[in-house]
Amino acid sequence: MALRNVVTDGDPILRKKCREVTEVDDRIRGILDDMLETMRFNLGVGIAAPQVGIMRRMFVAEPEEGKVFYMINPKITLSEGEQEGEEGCLSVPGKAGKVKRPQHIVMEGLDYDGNPIVVDAEDFEAVVLCHEYDHLEGILYTDKCTDLRDINEDPEGEDE
Ligand code: NI
C-alpha cells in the first residue's frame, strides 16, 4: 500500500464524471488499498477515486472505525427522507458546511472482490455514501451546502 496525493478543489479532475470499472482486478484492488490508507492517514471517513486522480466509479468509506465499505460502480436504488448535517471533504481542506441529504438510501454495486452488494444505510452512513457517490459525478458538497466556512484546524482551538 502507498499513500497517494489528494487532489484539491480547483483541479478540473474533481469536476469530471467518472467511468465505470470494467473489471475488478488486482490493479483496482491495489488502488482501493491505497485509497483506504490515504483516507485514514488524512483522518477522513471517505475517499473517492477522482480524489486520488483516478477517473473510475469507485470509493472507500469508513463511517465508523473498522466498518469499511468498498463500493465499485455504485447506484442509488432508493432514497428517502431528509437530514441535514455538517460535512467536510479531504479535497476542500479547512472548510465545512451544512448539507441536506436523504436520511435513508439503498446503494448497490460491487465489493472489493467484484461481488454484487446491496448496502442499506441510514443517518451518518447514508451521508458518507452520498457524499462519495457525488464525487463520481463531479459534484462537491460545497455545491450543495448553505454555509461554507473556514474551520479552525489548530488542535489547541478545539474546545471553542
Ligand atoms: Ni469529499
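What counts and what doesn't
- Residues numbered from 1 in each chain as written.
- Predicted model: local features only at pLDDT ≥ 70, side-chain atom pairs only at ≥ 80, totals over all residues.
- Heavy atoms only, no water.
- Helix = DSSP H or I, 4+ residues; strand = E, 2+ residues; numbered from the N terminus.
- Expected span 1.5 Å × (residues − 1).
- Buried < 20%, exposed > 50% of the residue type's maximum accessible area, 1.4 Å probe, protein only.
- Pairing = 2+ DSSP bridges.
- Axes fitted to C-alpha atoms, helices over the stretch in contact; angles between N-to-C directions.
- Contact = heavy atoms within 4.5 Å.
- Salt bridge = Lys/Arg side-chain N within 4 Å of Asp/Glu carboxyl O.

Draft legend 1. Representation of helix α1 (residues 26-41) in the model. If you check α1, its first and last C-alpha atoms are 22 Å apart, about what 16 residues at 1.5 Å a residue would give, namely 22 Å. Those residues of α1 lying buried are I28, R29, I31, L32, D34, M35, L36, T38 and M39. Positive phi shows up at L43, right after α1, with a value of about 60°.

Draft legend 2. Region of interest: the sheet that holds strand β6 (residues 104-110). Sheet architecture is open: five strands sit in the order β1-β2-β3-β6-β7, paired in antiparallel fashion. Both outer strands of the open sheet, β1 (46-48) and β7 (116-122), are each paired with one neighbouring strand and no more. For this sheet, the mean inter-axis angle between neighbouring strands, taken without regard to orientation, is 40°. Where strand β3 (residues 67-80) meets β6, six bridges bridge the pair, whose relative direction is antiparallel. Bridging across to β6, E80 finds its partner in H104. Lying on the sheet, α1 is in contact with β1, β2 (58-64) and β3; it crosses β2 at an angle near 40°. Against the sheet, helix α2 (residues 123-136) makes contact with β1, β2, β3, β6 and β7, and its axis sits at roughly 160° relative to β2, the strand it touches most.

Draft legend 3. Seen up close, the pairing of β3. Where β2 lies against β3, five bridges are found, and the strand directions are antiparallel. Among the inter-strand pairings, A61 is bridged to a residue of β3, identified as F69. Count of turn residues in the β2/β3 antiparallel hairpin: two residues, of which G66 carries a positive phi of about 90°.

Draft legend 4. Summary view of α2. When the terminal C-alpha atoms of α2 are compared, their 21 Å separation across 14 residues agrees well with the 20 Å that a helix rising 1.5 Å per residue should span. For α2, the tally of buried residues reaches 12 of 14 residues, placing the bulk of the element in the interior. Listed in full, the buried residues belonging to α2 are E125, A126, V127, V128, L129, C130, H131, E132, Y133, D134, H135 and L136. Note on α2: the residue one or two positions beyond its end, G138, has a positive phi of about 80°.

Draft legend 5. Up close: the pattern of salt bridges. Overall, the coordinates contain 14 salt bridges when judged by the stated rule. One salt bridge connects D143 with R15, and the closest N-O pair in it is separated by 2.8 Å. In this pair, D143 is assigned in the loop between α2 and β8 (149-150) and R15 in the segment before α1, connecting sequence segments 128 residues apart. We classify D143 as partly exposed; its relative accessible area is 44%. The class of R15 is partly exposed, set by a relative accessible area of 40%. Here R57 and E137 are joined by a salt bridge, their closest N and O atoms 2.5 Å apart.

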